[in-house]
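Coordinate inspection notes
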There are 4 protein chains.
Amino acid sequence: MQKEEKEITKWRKYPNAKPENCAMMIIDMQNDFINENGRYADWGIDISHMVRTVEPIKKVINFCREMNIPIIAARFIIRDLVEYGIGWKIRPLIVQGGLREGSWGVEIIDELEISSQKGDWIIDRPRFSCFFSTRLELLLRGLNRKTLIVTGVLTNQCVESTIRDAQMRDFEVLELLDCVGTMGGTMMDPITREKAKIAAEELHCASLRAVTFGLGDVIPSQELIGELGKISK
Amino acid sequence: MQKEEKEITKWRKYPNAKPENCAMMIIDMQNDFINENGRYADWGIDISHMVRTVEPIKKVINFCREMNIPIIAARFIIRDLVEYGIGWKIRPLIVQGGLREGSWGVEIIDELEISSQKGDWIIDRPRFSCFFSTRLELLLRGLNRKTLIVTGVLTNQCVESTIRDAQMRDFEVLELLDCVGTMGGTMMDPITREKAKIAAEELHCASLRAVTFGLGDVIPSQELIGELGKISK
Amino acid sequence: MQKEEKEITKWRKYPNAKPENCAMMIIDMQNDFINENGRYADWGIDISHMVRTVEPIKKVINFCREMNIPIIAARFIIRDLVEYGIGWKIRPLIVQGGLREGSWGVEIIDELEISSQKGDWIIDRPRFSCFFSTRLELLLRGLNRKTLIVTGVLTNQCVESTIRDAQMRDFEVLELLDCVGTMGGTMMDPITREKAKIAAEELHCASLRAVTFGLGDVIPSQELIGELGKISK
Amino acid sequence: MQKEEKEITKWRKYPNAKPENCAMMIIDMQNDFINENGRYADWGIDISHMVRTVEPIKKVINFCREMNIPIIAARFIIRDLVEYGIGWKIRPLIVQGGLREGSWGVEIIDELEISSQKGDWIIDRPRFSCFFSTRLELLLRGLNRKTLIVTGVLTNQCVESTIRDAQMRDFEVLELLDCVGTMGGTMMDPITREKAKIAAEELHCASLRAVTFGLGDVIPSQELIGELGKISK
């Protein structure tokens, strides 16, 4: 007799998020990643999948400002290779430059109008996860926020690493699928062991699925805005 | 004029690993995950993709014992829901039982013959990453090992979270693709928002690709054995 | 005109602790430290200042069991020098033995009747602070306890390091002065640069003062029992 | 028969430090602590014991620049009470102001001429230990430095907490006794439970002794300069 298969995860793990418990994370929306004059575009990388997040992120920012949901923007910054650890073996392009302390490239793109004068928080770090060797966890506990609205780039790198770290610390993650983006590119496929051009969207969807599988909720930004807006009335 | 696309990552990031720098990680090869009488099988989950790792892992263990490469086995253990954090919202099946302190289910499967008497190290923890709230990093630095041979389950959960944490701490990761496995299942697809049956192999490959993209090397166990064996002669 | 001196700290920082927010920490009350047949006594160290804590700790344990305050006992355990880091340069006696995994010496002294069967939690680690590379913080958050009743040995070493780490993580510390103890001994005085015999009580008081100065509250156990008992009625 | 007492610790734990392994830490030499127009002086606190460190620290900085020993200066910074955690229950004066992000008070005193343009590193954080929720450990490993020359204020607070965290991570600590300082003040004595005026020097010496007892080496700056200078020739 075959056993009945159980549900391996819930579709919505945190269906009842409340605005007063939320903080918004904006990860690495920096010129070097998102601006057409930034390093990534300059290296010939197609940044369009990341650029597509700008408009929806702006709407979420406006909504969070209205709802008094704190906004925390993270930046990936290194002074030089000393701080980059084994990163240069993984992303050799960075050896030449990019994401450097004090440069225009590390600034958050102007369109988002992030500013500590407005009360936004800025977290800088030299590794993927925004929790790793930063004060982010302290800040979230100080703000008394347990639900993270997650946006930014790259879906499968810094965003997913931050989500994994959030889940381990018992923060509830709401990842906004239209507000996270990545890049594709030519790389060896570990299974076929042939060079393959992998689309940004493919890597993006794979990461969103990994989140749904066991890390948090993945929903469109309009849906979240609708849900939180309704609760607050 | 179109810019030439740069290589986004190296295929082999750490081609020159040496046995004297390596430690082998065996993640969550516990009865509840891998044994046909364990909880996961009991819940009706198809564990075959995880079970297929047992034989290749045994070979890697034997090789590591010959080469004096230390073996570190990690176990996922909780006493009760107090230690499981928000995990129960993500994996509701665990509320009923499984992975409980003191039970047969948390023991590492007998076939692997892991034993602290032989000098193997055991790391227990209640979260995905083997680095998170454990002494693993201290142990690796004490052993003076910077290269991690990674095996175990689930490819896309505890294995990938451990790999992400290893990379942030500047440990070089060699993930053995035939020695890591996962499970599939029916879940909502975050993009289509329809229920879909996703195969273990699909989740597995997506995770291996994420590792290749920016976290470490992914190779077959025989290849690693060949490379390390050659160096040591 | 001379400025009036401001109060540099409050005497009681947390005067309103409630039983339902408390957890009791018992640090390193292990045979090797406290038992007359343990390693420390065997090395000729006067352990009487540590032994004097046993009776008051037992009373606090009984009180905590009555009040359903969870009890967390920590043990200092190393398998061998690999796990001891630079500790052997600091405490060379440990090179010979003591505090070793699996030995009688690492067990918590029988008098305290600590047992996971009763619901007590055990935290093992190879460094001074009970928070460092352990799941203690996760556990306290899972138990929803923010106030730590701190007991054990050595006042100025593992106890104080744990208190410092607790304060940084925003846990409120109530150190029970009759339930913590240390050892004295002959050592070079860093100021006079002459060998001096320093009494346990002197090191103990210096540490309690450092806690009062900026880390937490220091009170006798009877006072705490009185305060918490009154609140609960 | 009385047992012979064993040496409880070595006087010099790390007698063979080498310049190429060293980094210099300068902790919290900020206007609010050290400058006569800073907050601490303004509150009527006698800052002379801290001010006395300025000249010897300058000499050590000059020596380190000559020897290419990297200099890491840490600052205690909070934006507002959200980031201060339970600190306000411990140091109520800070509620009114001091150590605030963007203020003159958080700047490192001009006399030390610390500057990232010169290659110095700056670490900001809102808790005592310079390791806690910062990238300091990553930086030290990236710089390949395992020996920390420790200077700054307050001996018994941020300095000692940083030293405790350094030791747990296996960094060798050389604390320079003339380059660390603290403040005294009127507080309740935890033993006598009477108000007492405790001198800065008393708290300072107690902390240095705690370091000698089990955390690291405590020596005068001239001695360290002599030792390291000799080795490098």
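The structure this text deals with has already been given above.
**Some words on the overall build of chain A**
Along chain A, the regular secondary structure elements total 10 helices and 8 strands. By the compact-globule yardstick of 17 Å for 233 residues, chain A fits well, its C-alpha radius of gyration being 18 Å. Looking at the 233 residues of chain A, the share that counts as buried comes to 67%. In chain A, 76% of the contacts between residues at least 6 apart in sequence involve partners at least 24 apart. The centroid of the 31 positive side-chain charges in chain A is displaced by 4 Å from the centroid of its 34 negative side-chain charges.

**A closer look at the interface of chain C and chain B**
Listed per partner, the contact involves 19 residues of chain C and 19 residues of chain B. Overall, the association of chain C and chain B removes approximately 1,600 Å² of surface from exposure, summing both partners, and the carbon and sulfur fraction of that is 59%. Linking chain C with chain B are 2 salt bridges. Ionic pairing is found between B:Glu83 and C:Arg135, a salt bridge with its closest N-O pair at 2.3 Å. Where chain C packs against chain B, one counts 6 residue pairs in polar contact (both at pLDDT 80 or more). A total of 4 residues in the side of chain C that touches chain B trace back to one element, the largest contributor, which is helix H7 (residues 136-143) of chain C. Residues of the side of chain C that touches chain B, tallied by class, amount to 7 nonpolar, 5 polar and 7 charged.

**Here's the deal with helix H8 (residues 155-168) of chain D**
All names here are of chain D. The end-to-end C-alpha distance of H8 is 18 Å, a good match for the 20 Å that 14 residues give at a rise of 1.5 Å each. Of all 14 residues in H8, 14 are buried; the element is thus mostly enclosed. Positive backbone phi, at 70°, marks Asp-170, one or two positions downstream of H8.

**Examining the relation of the copies chain B and chain A**
Once chain B has been moved 0.0 Å along the axis and rotated by 180°, it coincides with chain A to within an RMSD of 0.0 Å. Given the turn and translation reported, the copies of this chain are related as if by a two-fold rotation axis. Judged by C-alpha distance, B:Ala206 is the residue of chain B that lies nearest the rotation axis, at 2.9 Å. The residues that chain B uses at the interface reappear at the interface of chain A in 100% of cases, marking a shared surface.

**Topic: the interface of chain B and chain A**
Contacts between the two partners involve 66 residues from chain B, matched on the other side by 66 residues from chain A. Scanning the region where chain B abuts chain A turns up 12 salt bridges. Between A:Glu172 and B:Lys89 there is a salt bridge, and its shortest N-O distance comes to 2.8 Å. The interface formed by chain B and chain A holds 22 residue pairs in polar contact (both at pLDDT 80 or more) in total. For the side of chain B that touches chain A, the elements supplying multiple residues, two or more each, are helix H2 (39-42), helix H5 (87-90), helix H8 (155-168), strand E5 (172-181), strand E6 (185-188), strand E7 (195-198) and helix H9 (200-214) of chain B.

**Concerning the environment of C:Lys10**
Residues and elements named next belong to chain C. Residue placement: Lys-10 occurs in the segment before strand E1 (22-27). Residue class for Lys-10 comes out partly exposed when judged on its relative accessible area of 32%. Distance in space between the C-alpha atoms of Lys-10 and Gly-142 is 29 Å, their sequence separation being 132 residues.

**Remarks on a nonpolar patch on the surface**
Residues and elements named next belong to chain A. A surface patch of nonpolar side chains, about 230 Å² in accessible area, is lined by Leu-81, Trp-88 and Val-95. The residue Leu-81 is located in the loop between strand E2 (71-76) and helix H5 (87-90) in this model. Look at Leu-81 and you get partly exposed, because its relative accessible area is 31%.

**Considering the pattern of salt bridges**
Scanning all chains against the criterion turns up 84 salt bridges over all chains. For D:Arg164, the salt bridge identified is with D:Glu160, shortest N-O distance 2.9 Å. Remark: D:Glu160 and D:Arg164 occur in helix H8; sequence separation between them is 4 residues, near one turn of the helix. For the pair shown, D:Arg164 and D:Glu160 are each scored as buried. Counted as one network, the salt bridges with shared partners bring together A:Arg12, A:Asp217, A:Glu223, A:Glu227 and B:Arg193.

**Quick word on the packing of helix H9 (residues 200-214) of chain C against helix H9 (residues 200-214) of chain D**
Between H9(C) and H9(D), the least distance of the axes is 10 Å, while the angle of their chain directions is 120°. With respect to H9(D), the axis of H9(C) lies oblique. The crossing of H9(C) and H9(D) is left-handed. Across from C:Glu202, C:Leu203, C:Ala206, C:Arg209 and C:Phe213 in H9(C), the residues of H9(D) making contact are D:Glu202, D:Leu203, D:Ala206, D:Arg209 and D:Phe213.

**Digging into unusual backbone geometry**
If a residue is not glycine, its phi is most likely negative; likewise, a peptide bond is most likely trans. Of the consecutive residues C:Val153 and C:Leu154, the connecting peptide bond is found in the cis state with omega at -10°. Mapped onto the elements of the fold, C:Leu154 is located in the loop between strand E4 (147-153) and helix H8 (155-168). One non-glycine residue, B:Asp170, adopts positive backbone phi at about 70°. Looking at the element boundaries, B:Asp170 is found in the loop between H8 and E5. Look at D:Glu113: it is not a glycine, yet its phi comes out positive at around 50°. Mapped onto the secondary structure, D:Glu113 falls in the loop between helix H6 (93-96) and strand E3 (121-125).

Calculation criteria
Residues numbered from 1 in each chain as written. Chains lettered and ligands numbered in written order. Predicted model: local features only at pLDDT ≥ 70, side-chain atom pairs only at ≥ 80, totals over all residues. Heavy atoms only, no water. Helix = DSSP H or I, 4+ residues; strand = E, 2+ residues; numbered from the N terminus. Rg over C-alpha atoms; globule rule 2.2 N^0.38 Å. Buried < 20%, exposed > 50% of the residue type's maximum accessible area, 1.4 Å probe, protein only. Contact = heavy atoms within 4.5 Å. Lys, Arg positive; Asp, Glu negative; His and termini not counted. Charge placed at Lys NZ, Arg CZ, Asp CG, Glu CD. Buried area = accessible area lost by both parts, 1.4 Å probe. Salt bridge = Lys/Arg side-chain N within 4 Å of Asp/Glu carboxyl O. Polar contact = N/O pair within 3.5 Å; in protein donor to acceptor, adjacent residues only side chain to side chain. Nonpolar A, V, L, I, M, F, W, Y, C, P; charged D, E, K, R; others polar. Expected span 1.5 Å × (residues − 1). Least-squares fit on C-alpha atoms with pLDDT ≥ 70 in both. Patch = residues over 30% accessible without salt bridge, like charges linked within 9 Å, V, L, I, M, F, W, Y side chains within 5 Å. Areas by Shrake-Rupley, 256 points an atom, 1.4 Å probe, with all protein chains shown as cover. Axes fitted to C-alpha atoms, helices over the stretch in contact; angles between N-to-C directions. Parallel < 35°, antiparallel > 145°, perpendicular 65-115°, else oblique. Left-handed = near helix turned anticlockwise from the far one by under 90°.

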